[in-house]
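Architecture at a glance
Each chain is listed here by its residues.
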Amino acid sequence: MNADCLFCKIAAKQIPSKIIYEDPDVFAFEDISPQAPTHILLCPRKHFVSLDDATPEDQAVIGKLHLVAAHLARERNLLAGYRTVFNNGAGAGQSVSHLHLHLLGGRQFRWPPG
Ligand code: 5GP
Ligand code: ZN
């Protein structure tokens, strides 16, 4: 845990959030400012900032984030499709420095993203 990290504090339940999935590797919670009817953030429990900081030991959890996202998308009946996104670095819009996978669904998405 990084004592200065918002998402580590959410994992430790020091900051309240709507946690919807937890296991020993991963936790997921509702985004506070949803950009779609479903907007969930999925994080590794291990603190690292972005894919740029990931190491080979993080390979499994990065894959697991996607499989948990697919599980939650099925639970939410996102039958028309959903989007999974990592923003890596400020230039891509990353604002919280703990890797997180956005799961967005429940509306039509455009491509390319903004
Ligand atoms: P980023 O911009 O880093 O890709 O995504 C960060 C996300 O975290 C944003 O979608 C933002 O709404 C969400 N967020 C920021 N602070 C909080 C918070 O305190 N609680 C929750 N649940 N989400 C947050
Ligand atoms: Zn953290």
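In the block above lies the structure referred to throughout.
Quantities reported herein were computed from a predicted structural model and do not represent experimental measurements.

As for the pattern of salt bridges
By the definition in use, this model includes 7 salt bridges. Note that E30 and R76 form a salt bridge whose closest N and O atoms lie 2.7 Å from each other. With a gap of 46 residues between them, E30 in strand β2 (residues 26-30) and R76 in the loop between α2 (59-75) and β4 (82-85) connect regions that are remote in the sequence. In this structure E30 comes out as partly exposed when scored by relative accessible area, which is 24%. Judged by relative accessible area, which is 32%, R76 ranks as partly exposed. The residue E57 makes a salt bridge to K46 at a minimum N-O spacing of 2.7 Å. One end of the pair, E57, is in the loop between β3 (38-44) and α2; the other, K46, is in the loop between β3 and α2, with 11 residues separating them in the sequence. For E57, a relative accessible area of 62% corresponds to the exposed category. Exposure remark for K46: the relative accessible area of 36% places this residue in the partly exposed category. Residues participating in the shared-partner salt-bridge network are K13, E22 and R45.

Describing the site of ligand 1
Surrounding ligand 1, one finds 17 residues, the nearest of these being D31, G93, S95, H100 and H102. Within the side chain of D31, an N or O atom sits 2.4 Å from an oxygen atom of ligand 1. Here H100 contributes a side-chain N or O atom positioned 2.8 Å from an oxygen atom of ligand 1. Looking at the shell around ligand 1, the elements with two or more residues in it are α1 (6-11), β2 and β3.

Concerning the coordination of the zinc ion (ligand 2)
The zinc ion (ligand 2) binds to the protein through C5 (SG), C8 (SG), H47 (ND1) and H98 (ND1); the donor distances cover 2.0 to 2.3 Å. With 4 donor atoms in place around the zinc ion (ligand 2) and angles of 107 to 115° between them, the coordination shape is tetrahedral. For C5, a relative accessible area of 6% corresponds to the buried category.

Thresholds applied
- Residues numbered from 1 in each chain as written.
- Chains lettered and ligands numbered in written order.
- Predicted model: local features only at pLDDT ≥ 70, side-chain atom pairs only at ≥ 80, totals over all residues.
- Heavy atoms only, no water.
- Salt bridge = Lys/Arg side-chain N within 4 Å of Asp/Glu carboxyl O.
- Helix = DSSP H or I, 4+ residues; strand = E, 2+ residues; numbered from the N terminus.
- Buried < 20%, exposed > 50% of the residue type's maximum accessible area, 1.4 Å probe, protein only.
- Near = heavy atom within 4 Å.
- Polar contact = N/O pair within 3.5 Å; in protein donor to acceptor, adjacent residues only side chain to side chain.
- Donors = N, O, S within 2.8 Å, 3.2 Å for Na, K, Ca; no water.
- Tetrahedral: all angles 85-135°; square planar, octahedral: opposite > 155°, others 65-115°.

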